[in-house]
Amino acid sequence: MRINRTTQLLAAAVLGVALAGVGVAGPAVAADDPEEGIDVTVTIEPGTPGQVSMTVADNGGVSLQEDGSNAAARQFVGTLPTVTVTDTRRPEEIPAGDFWAVVGQAGEFTATSGSAPPIGPQYLGWRPRLLTDSSSGAVEAGEPVSSVISDGSGAPAVGLQGQELLVSTANSADEIGTWQVNADLMLRTPTDVTAGEYHSTLTLSLFNQS
């Protein structure tokens with residue numbers, strides 16, 4: 001709006017000069033005549049501080065499907081819904097040393113019926129994947145985590161029983177914007193796991209601190 005108003009005022013000023021040059025009749029008006037003033041009003045609302053936020057793509061949950069089972073383990077795989085992290089802060093709003101991180105932690109897989117024992121969260125691993133290029137390299141996906149029954153990749157075989165890193169930046173001021181990330185999920189259970197339908201909750205948390 002500022003650009004449009006400026007353009008209109010400049011055009012009117014130019015037009016006024018042109019008309020005066022061809023002798024348009026009329027009484028002279030003093031530049032400081034209060035009766036010829038135009039009241040200009042603007043209401044400026046308080047600025048909205050920027051923030052770091054996280055959203056998860058609409059989903060109906062993740063259904064793991066058996067794939068890659070062998071003599072060492074039954075393996076069930078799926079993909080985490082896309083997670084979006086957005087930082088809308090201005091550089092001057094970010095304290096020195098500020099950083100953010102998204103972590104994930106799984107609960108027990110409990111059977112929906114029968115008396116099958118639960119499957120602990122340590123049997124679920126993931127392989128995070130950054131879907132949005134980081135312009136500075138400051139934003140990175142977390143390292144892979146294997147089930148306690150190792151997947152042979154060399155990733156720590158601890159599962160998601162504790163909080164594990166999905167994506168983070170070590171210094172928020174290095175890069176501001178929006179990033180998307182997901183992860184391959186891999187549940188590796190003992191080969192003699194009890195048959196049945198199991199459910200778990202994978203909790204994602206965004207931390208921001210300086």
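The structure we're discussing is the one just above.
Since this is a predicted model, take the numbers as computed values, not measurements.

**Student:** How should the overall build of the protein chain be read in this particular structure?
**Tutor:** Each helix and strand in the protein chain was counted, giving 1 helix and 12 strands. Counting from the amino terminus, helix and strand elements in the protein chain follow one another as α-β-β-β-β-β-β-β-β-β-β-β-β. Within the protein chain, buried positions represent 29% of all 210 residues. Of the contacts formed within the protein chain by residues at least 6 apart in sequence, a portion of 78% connects residues at least 24 apart. Within the structure as shown, the protein chain displays about 13,100 Å² of accessible surface, and the carbon and sulfur contribution to it stands at 53%.

**Student:** I keep staring at the nonpolar core and nothing clicks. Help me out?
**Tutor:** Counting residues in each nonpolar core, the largest one holds 28 residues, and the members touching the most others are L80, W126, L166 and V167. Of all the secondary structure elements, the ones that give two or more residues to this core are β4 (83–87), β5 (99–106), β7 (124–130), β9 (164–169) and β10 (178–189). With 5 residues, β10 is the single largest residue contributor to this core.

**Student:** Looking at this structure, how should I read the side chain of E175?
**Tutor:** Here E175 shows up in the loop between β9 and β10. Despite being buried, E175 has no salt bridge partner; R89 is the closest side chain of opposite charge, sitting 12 Å away. A polar atom in the side chain of E175 sits 2.6 Å from the side chain of S136. With sequence-adjacent residues up to four places away left out, E175 is seen in contact with D133, S134, S135, S136, G137, A138 and V139.

**Student:** Help me out: how do you make sense of the pairing of strand β3 (residues 74–79) in this one?
**Tutor:** In summary, the side chains of a regular strand alternate between the two faces of the sheet. Two elements, strand β2 (residues 65–66) and β3, share 2 bridges in a ladder whose sense is antiparallel. Pairing of Q65 across the sheet is with V77, part of β3. Bridging between β3 and β10 involves 6 bridges; their strand directions are antiparallel. Following the sheet pairing, T79 is matched in β10 by D184.

**Student:** Is there a simple way to think about the layout of surface pockets in this case?
**Tutor:** Over the atoms rolls a probe the size of a water molecule, and its path tells where empty space is left. Each pocket or cavity is described by its volume, and for the largest pocket that value is around 780 Å³. Along the wall of the largest pocket there are 29 residues; nearest its centre are V62, S63, L64, F109 and Y198. No other element matches the 3 residues that β10 contributes to the lining of the largest pocket. The residue inventory of the lining of the largest pocket, partitioned by class, reads 17 nonpolar, 9 polar and 3 charged.

**Student:** Would you mind showing me how to read the packing of aromatic side chains here?
**Tutor:** Given two aromatic rings, one states the distance between the centres and the angle between the planes to describe the pair. A complete count under the given rule lists 1 aromatic pair for this structure. Ring centres 5.4 Å apart and planes at 40° place the aromatic pair W100 and W179 in the tilted group. Of this pair, W100 sits in strand β5 while W179 sits in strand β10, and the two are 79 residues apart along the sequence. W100 sits in the buried class, given a relative accessible area of 0%.

**Student:** How do you make sense of the side chain of N182 when you look at a structure like this?
**Tutor:** Among the structural elements, N182 can be located in strand β10. Residue classification places N182 among the buried positions, given a relative accessible area of 8%. Residues in contact with N182, not counting those within four places in the same chain, are T79, L80, P81, T82, R127, P128, R129, L131 and L166.

**Student:** Sorry, what's going on with the sheet that holds strand β8 (residues 139–141) here?
**Tutor:** Consider a sheet: its strands pair through backbone hydrogen bonds, and that pairing is either parallel or antiparallel. Taken in spatial order, the 4 strands of this open sheet run β8-β9-β5-β12, and their pairing is antiparallel. The sheet is open, and its two edges are formed by β8 and β12 (202–209), each paired on a single side. Taken pair by pair, the neighbouring strands of this sheet meet at an average axis angle of 15°, ignoring direction. Taken together, the 5 bridges between β5 and β9 define a ladder with antiparallel strand orientation. Its bridge partner lying in β9, A101 is registered against S168.

What counts, and where the lines are drawn
- Residues numbered from 1 in each chain as written.
- Predicted model: local features only at pLDDT ≥ 70, side-chain atom pairs only at ≥ 80, totals over all residues.
- Heavy atoms only, no water.
- Helix = DSSP H or I, 4+ residues; strand = E, 2+ residues; numbered from the N terminus.
- Buried < 20%, exposed > 50% of the residue type's maximum accessible area, 1.4 Å probe, protein only.
- Contact = heavy atoms within 4.5 Å.
- Areas by Shrake-Rupley, 256 points an atom, 1.4 Å probe, with all protein chains shown as cover.
- Core = buried A, V, L, I, M, F, W, Y, C linked by side-chain atoms within 4.5 Å.
- Lys, Arg positive; Asp, Glu negative; His and termini not counted.
- Salt bridge = Lys/Arg side-chain N within 4 Å of Asp/Glu carboxyl O.
- Polar contact = N/O pair within 3.5 Å; in protein donor to acceptor, adjacent residues only side chain to side chain.
- Pairing = 2+ DSSP bridges.
- 1 Å grid on protein atoms, 1.4 Å probe; cavity = no way out; pocket = protein on both sides within 12 Å on 5 of 7 lines; lining within 4 Å.
- Points joined across faces, edges and corners; volume = space filled by probe spheres on them.
- Nonpolar A, V, L, I, M, F, W, Y, C, P; charged D, E, K, R; others polar.
- Phe/Tyr/Trp six-rings, centres within 6.5 Å; stacked < 30°, edge-to-face > 60°.
- Axes fitted to C-alpha atoms, helices over the stretch in contact; angles between N-to-C directions.

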